[in-house]
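One letter stands for each residue in the lines below.
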Amino acid sequence: MSASTKRNTFSFFSTLNKIYGVNMAQQNNRNLLDSSKNMNSDTRVRESSYLSYFPGAYQKEEAAWERLVDLSKLSSEEKLIYEKHKLAVQTGKESYEDPATGYTVMTRLSHYKRGYCCGNACRHCPFSQMNVAPSMKTKKFNTAFYT
């Protein structure tokens, strides 16, 4: 594992420790850190690690996202997308059908389960689209999702 990956992994867990009050040293996370040898430099965290080490963390994160939403800044089409996504998340679904195109759109839950930004500029990316190539970063965050 490179020094950069170790530092990023440590930083990630330190941040989660501050947010959720979970001491990773007491969580027997040696296998999790060892598994990062197979990850690339963007410090990916797997579903089994994030969701099992931090039960309830997703709900806290989702609540934080909901507090960001300003419906007055959304168009009527964006409000419909927001409502479809919110319903899908509340019912534990990992995707919903886009009302305008009919395409399947992944929810934040499915992204959290993956544990890292895939780099495809996803609408509901909870990782600030950190792995999206600069040339593809054309979407703006409208307080609810990327458009």
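Procedures and definitions
- Residues numbered from 1 in each chain as written.
- Predicted model: local features only at pLDDT ≥ 70, side-chain atom pairs only at ≥ 80, totals over all residues.
- Heavy atoms only, no water.
- Helix = DSSP H or I, 4+ residues; strand = E, 2+ residues; numbered from the N terminus.
- Contact = heavy atoms within 4.5 Å.
- Areas by Shrake-Rupley, 256 points an atom, 1.4 Å probe, with all protein chains shown as cover.
- Buried < 20%, exposed > 50% of the residue type's maximum accessible area, 1.4 Å probe, protein only.
- Polar contact = N/O pair within 3.5 Å; in protein donor to acceptor, adjacent residues only side chain to side chain.
- Disulfide = S-S within 2.5 Å.

S.K.: An account of the overall build of the chain is requested, with residue identities and associated values reported.
M.R.: Summing up its helical and strand segments, the chain has six helices and two strands in all. In the chain, the succession of helices and strands from N to C terminus is α-α-α-α-α-β-β-α. Restricting to contacts in the chain with at least 6 residues of sequence separation, those with at least 24 account for 43%. When the accessible area of the chain is evaluated, it comes to approximately 8800 Å², of which 50% is carbon and sulfur surface.

S.K.: Outline the environment of N142, supporting the account with residue identities and numerical values.
M.R.: Mapped onto the elements, N142 comes out in the segment after α6 (108-114). Take N142: its relative accessible area is 10%, and that puts it in the buried class. Placed 74 residues apart in sequence, N142 and L68 show a C-alpha to C-alpha distance of 9.6 Å. With near-sequence residues (within four places) excluded, N142 lies in contact with L74, E78 and T147. Looking at N142, its side chain comes within polar contact range of the side chain of E78, at 3.4 Å. Looking at N142, its side chain comes within polar contact range of the main-chain nitrogen of F145, at 2.9 Å.

S.K.: Hey, could you go over the state of the cysteines for me, with residue numbers and the actual values?
M.R.: Here is the idea: a disulfide is a covalent bond, and it sits between the sulfur atoms of two cysteines. In the structure shown here, the tally under the stated rule is zero disulfides. Residue C117 stays outside any disulfide, its sulfur separated by 4.0 Å from that of C125, the closest cysteine. Left without a disulfide partner, C118 is nearest to the cysteine sulfur of C122, which lies 3.7 Å away. For C118, a relative accessible area of 30% puts it in the partly exposed group.

By themselves, these observations are geometric and do not establish any function.
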